[in-house]
Protein chains: 2
Amino acid sequence: MKDAGGGVSTLRDSLAAAMAGGELSERHCEILEAAAGLFAERGYAATSVRDIGEKVGLLGGSLYHYIKSKEALFVRIHDMALQVAGDRIATAMAGKTDPWERLEAACVTMLEIQLDPHSLTMPLMNDFASAPPEIRERLVAKRDAFEAIFRELIPGLPLDPALDRGVYRLLLLTLLNNVSSWYRQGGMSPEDIGRQIVRIFRHDVKEKEGVERVSPAR
Amino acid sequence: MKDAGGGVSTLRDSLAAAMAGGELSERHCEILEAAAGLFAERGYAATSVRDIGEKVGLLGGSLYHYIKSKEALFVRIHDMALQVAGDRIATAMAGKTDPWERLEAACVTMLEIQLDPHSLTMPLMNDFASAPPEIRERLVAKRDAFEAIFRELIPGLPLDPALDRGVYRLLLLTLLNNVSSWYRQGGMSPEDIGRQIVRIFRHDVKEKEGVERVSPAR
DNA sequence: AATCCTGTATCAAACGATTGTTACATTTGG
DNA sequence: CCAAATGTAACAATCGTTTGATACAGGATT
């Protein structure tokens, strides 16, 4: 797999790195990871601190020597997940120049992250609903920053002008964020699904006849 | 009596009809409607019975002369919303024969339902996560039945064979179900968005030249 | 070597708040 | 005056969180 420079490719990797750097104890890692899984699985409101504790073999109250609050824990996980995802997508796109290829790389990578059962991270990108309004603000802001990747990617596409680029971007992101709701292992691979999505979303501008155009790769 | 040809078009209408039919008291209606709004807004786990009571001007406990339990309330709302949506989409498609037109009618109608601030209904179609596992089963089953509309619609499309019809359907439904997460009033209309979606998803099979093709035998 | 000290990690138990729910009393309208 | 509608008040459970005690490690002191 791609291991570019710093090579952080999953939440777990990121946690391991932070651990090696001495910023995080092993237990701290376990807790973040367990919490990430539960939040992703059942949502913020439906996940109790005691649930998280049980998953790492601690009492609920014992977690508070590692976390400041449940909210802070959630926010932290969310931030880390976005960071990891952003980095990984960026490195996946690096090198590619063809706009559609770049888009495909971004989509496939995003799906690989979200659908990897071991990375248990990003499904919480859509859990804003059950989170307290105060932290929701923060989450939305961070996610918007993350989505800047796509905001920069899409203007470069030779897209059929009949399509509104604004909704186009929103629809694509909506899709990438929610495939996790029906994806089951054993069927199509994240890569296959990503390619299908790009195939659906690929509508090249119609080339006018008589206009020379060096067509990119294909 | 619900006449499929005539006019149940929102959850509120459906409630009004049930009220007129004597099946539901007015208060009962208010409660269902308020609950629908809150469930849609914050999810199942993050909505308390007292919240619902407050919205209709009652104490939490007082609701229990109208509902059996919070779970039953949720299931009921979910079922009604699906019923209403199914009926409305069916009537919107009635009459149309062209496959793409039928698809567009279904998509636009689905979005109109989900994005209508007065119908406050269907966003809970994706709130399975925070609902107790027992009722989740039931919800999934009902939703699958609802989605049969699309399962029947898509085989009729003259679709580019490079696209897998299975994921195609899933992706389309994912989109329709989640536009509500970013839709804000004042921008594009639900109809506009629906049309954009169909435009993106429209990939006709390439007709081979010289091959006569009559309407698909079936 | 035995003792003390300090800090971390964990548990046990409880706090007050909130949850879904119920039993009973009270109001209200016909 | 009765029945439906609503309030009052509490139940046990669970929530996030805090407190205080306990166990155990290593380093410093005696």
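Residues numbered from 1 in each chain as written. Chains lettered and ligands numbered in written order. Predicted model: local features only at pLDDT ≥ 70, side-chain atom pairs only at ≥ 80, totals over all residues. Heavy atoms only, no water.

Looking at an unreviewed UniProt entry, one finds chain A named TetR family transcriptional regulator and attributed to Rhizobium subbaraonis.

As for the environment of Leu153 of chain B
All names here are of chain B. For Leu153, the location among the structural elements is in helix 6 (residues 133-153). Under the relative-accessibility criterion, Leu153 is labelled buried at 6%. For the pair Leu153 and Leu175, spaced 22 residues apart in sequence, the C-alpha separation works out to 16 Å. Apart from the residues within four sequence positions on either side, Leu153 is in contact with Met93, Arg102, Leu103 and Ala106. (Helix = DSSP H or I, 4+ residues; strand = E, 2+ residues; numbered from the N terminus. Buried < 20%, exposed > 50% of the residue type's maximum accessible area, 1.4 Å probe, protein only. Contact = heavy atoms within 4.5 Å.)

As for the interface of chain B and chain A
Many authors give the size of an interface as the accessible area that is lost as the parts come together. Of the residues lining the interface, 27 residues belong to chain B; the matching set on chain A comes to 27 residues. Buried area between chain B and chain A, summed over both chains or domains, comes out near 2,500 Å², and the portion from carbon and sulfur atoms is 75%. Of all residues in chain B, Leu171, Trp182 and Ile200 of chain B give up the largest surface area on contact with chain A, accounting jointly for 25% of the area buried on that side. The interface formed by chain B and chain A holds 0 salt bridges in total. At the boundary of chain B and chain A, one finds 11 residue pairs in polar contact (both at pLDDT 80 or more). Here the element with the most residues in the side of chain B that touches chain A is helix 7 (residues 165-178) of chain B; it accounts for 7 residues. When the residues that make up the side of chain B that touches chain A are grouped by side-chain class, the tally is 17 nonpolar, 5 polar and 5 charged. (Buried area = accessible area lost by both parts, 1.4 Å probe. Salt bridge = Lys/Arg side-chain N within 4 Å of Asp/Glu carboxyl O. Polar contact = N/O pair within 3.5 Å; in protein donor to acceptor, adjacent residues only side chain to side chain. Nonpolar A, V, L, I, M, F, W, Y, C, P; charged D, E, K, R; others polar.)

A few points about the packing of aromatic side chains
Summed over the entire model, instances satisfying the criterion amount to 9 aromatic pairs over all chains. Seen from their ring centres, Phe39 of chain A and Tyr44 of chain A are 5.6 Å apart, and the 25 degrees between their planes marks the pair as stacked. Considered together, Phe39 of chain A and Tyr44 of chain A belong to a single accessibility category, that of buried residues. Grouping aromatic residues by their ring pairs yields a cluster made of Tyr168 and Phe201 of chain A together with Tyr168 and Phe201 of chain B. Sitting above the plane of the Tyr44 of chain A ring, Lys70 of chain A keeps its charged end 4.2 Å from the centroid. (Phe/Tyr/Trp six-rings, centres within 6.5 Å; stacked < 30°, edge-to-face > 60°. Lys NZ or Arg CZ within 6 Å of the ring centre and 35° of its normal.)

Some words on the protein's contact with DNA strand C
Lining the immediate surroundings of DNA strand C are 16 residues, of which Arg27, His65 and Tyr66 of chain A together with Tyr64 and Lys70 of chain B lie closest. Sugar plus phosphate: this is where 63% of the atoms of DNA strand C within 4 Å of the protein reside. Arg50 of chain B places a side-chain nitrogen or oxygen 2.9 Å from a base nitrogen of DNA strand C. Measuring from a phosphate oxygen of DNA strand C, one finds a side-chain N or O atom of Tyr64 of chain B at 2.3 Å. Across the surface near DNA strand C, the residue classes break down as 5 nonpolar, 7 polar and 4 charged. (Near = heavy atom within 4 Å.)

Let's talk about the UniProt feature "domain: HTH tetR-type" (unreviewed entry) in chain A
With numbering matched to this structure, UniProt assigns "domain: HTH tetR-type" (unreviewed entry) to residues 25-85 of chain A. In residues 25-85 of chain A, the share of helix is 67% and the share of strand is 0%. The end C-alpha atoms are 23 Å apart. (UniProt positions renumbered as here; feature names shortened; annotations may be inferred.)

A word on the protein's contact with DNA strand D
The environment of DNA strand D is formed by 15 residues, the closest being Tyr64 and Lys70 of chain A together with Arg27, His65 and Tyr66 of chain B. A distance of 3.4 Å separates a phosphate oxygen of DNA strand D from a polar atom in the backbone of Thr47 of chain A. Take Tyr64 of chain A: an N or O atom from its side chain is 2.3 Å from a phosphate oxygen of DNA strand D.

What about the side chain of Asn178 of chain B?
Residues and elements named next belong to chain B. Structurally, Asn178 can be placed in helix 7. Judged by its relative accessible area of 9%, Asn178 is buried. Within the local environment of Asn178, its side chain forms a polar contact with the backbone oxygen of Thr174, the two atoms lying 2.7 Å apart.

Things to note about the relation of the copies chain B and chain A
What relates the pair of chain copies is a rotation about an axis plus a shift along that axis. Mapping chain B onto chain A calls for a screw motion: a turn of 180 degrees about the axis and a shift of 0.1 Å along it, with 0.1 Å RMSD after fitting. On this basis, the relationship between the two copies can be described by a two-fold rotation axis. Most of the interface of chain B is mirrored in chain A: 100% of its interface residues are interface residues there too. (Least-squares fit on C-alpha atoms with pLDDT ≥ 70 in both.)

Topic: the environment of Leu139 of chain B
Residues and elements named next belong to chain B. For Leu139, the location among the structural elements is in helix 6. Here the alpha-carbon distance between Leu139 and Phe128, two residues 11 residues apart in the chain, equals 7.5 Å. When neighbours within four sequence positions are excluded, Leu139 is seen to be in contact with Phe74, Val75, His78 and Phe128.

Focus on the nonpolar core
Counting residues in each nonpolar core, the largest one holds 72 residues, and the members touching the most others are Phe201 of chain A together with Phe201 of chain B. Non-local contacts of Phe201 of chain A, meaning those with residues more than four positions away in its chain, are made with Trp100, Leu159, Tyr168, Leu171, Leu172 and Leu175 of chain A together with Leu175, Ile200 and Phe201 of chain B. Within the second largest apolar cluster, 25 residues are counted, among which are Cys29, Ile31, Ala36 and Leu63 of chain A. (Core = buried A, V, L, I, M, F, W, Y, C linked by side-chain atoms within 4.5 Å.)

Quick word on helix 4 (residues 70-93) of chain B
Its 24 residues give helix 4 of chain B an end-to-end C-alpha distance of 35 Å, which sits within 8% of 34 Å, the value for a rise of 1.5 Å per residue. Trailing helix 4 of chain B by a residue or two, Gly95 of chain B shows a phi angle of about 100 degrees, which is positive. (Expected span 1.5 Å × (residues − 1).)

With respect to the packing of helix 5 (residues 99-115) of chain B against helix 8 (residues 190-201) of chain B
Residues and elements named next belong to chain B. Between helix 5 and helix 8, whose axes approach to 8 Å, the crossing angle comes to 140 degrees. When the interaxial angle is binned, helix 5 and helix 8 end up oblique. Viewed along their axes, helix 5 and helix 8 form a crossing whose handedness is right-handed. Every residue of helix 8 that contacts helix 5 at Trp100, Leu103, Glu104, Cys107, Val108, Leu111, Glu112 and Leu115 is listed here: Pro190, Glu191, Ile193, Gly194, Arg195, Ile197, Val198 and Phe201. Split by residue class, the contact of helix 5 with helix 8 holds 11 nonpolar, 1 polar and 4 charged. (Axes fitted to C-alpha atoms, helices over the stretch in contact; angles between N-to-C directions. Parallel < 35°, antiparallel > 145°, perpendicular 65-115°, else oblique. Left-handed = near helix turned anticlockwise from the far one by under 90°.)

Comments concerning the confidence of the model for chain A
All names here are of chain A. Averaged over every residue, the pLDDT of chain A is 85; the share at 70 or more is 81%. Helix 8 (residues 190-201) holds the highest mean pLDDT among the elements of chain A, 97, whereas helix 1 (residues 11-20) holds the lowest, 60. The ipTM value of the predicted complex is 0.81, and its pTM value is 0.83. (pLDDT = per-residue confidence, 0-100.)

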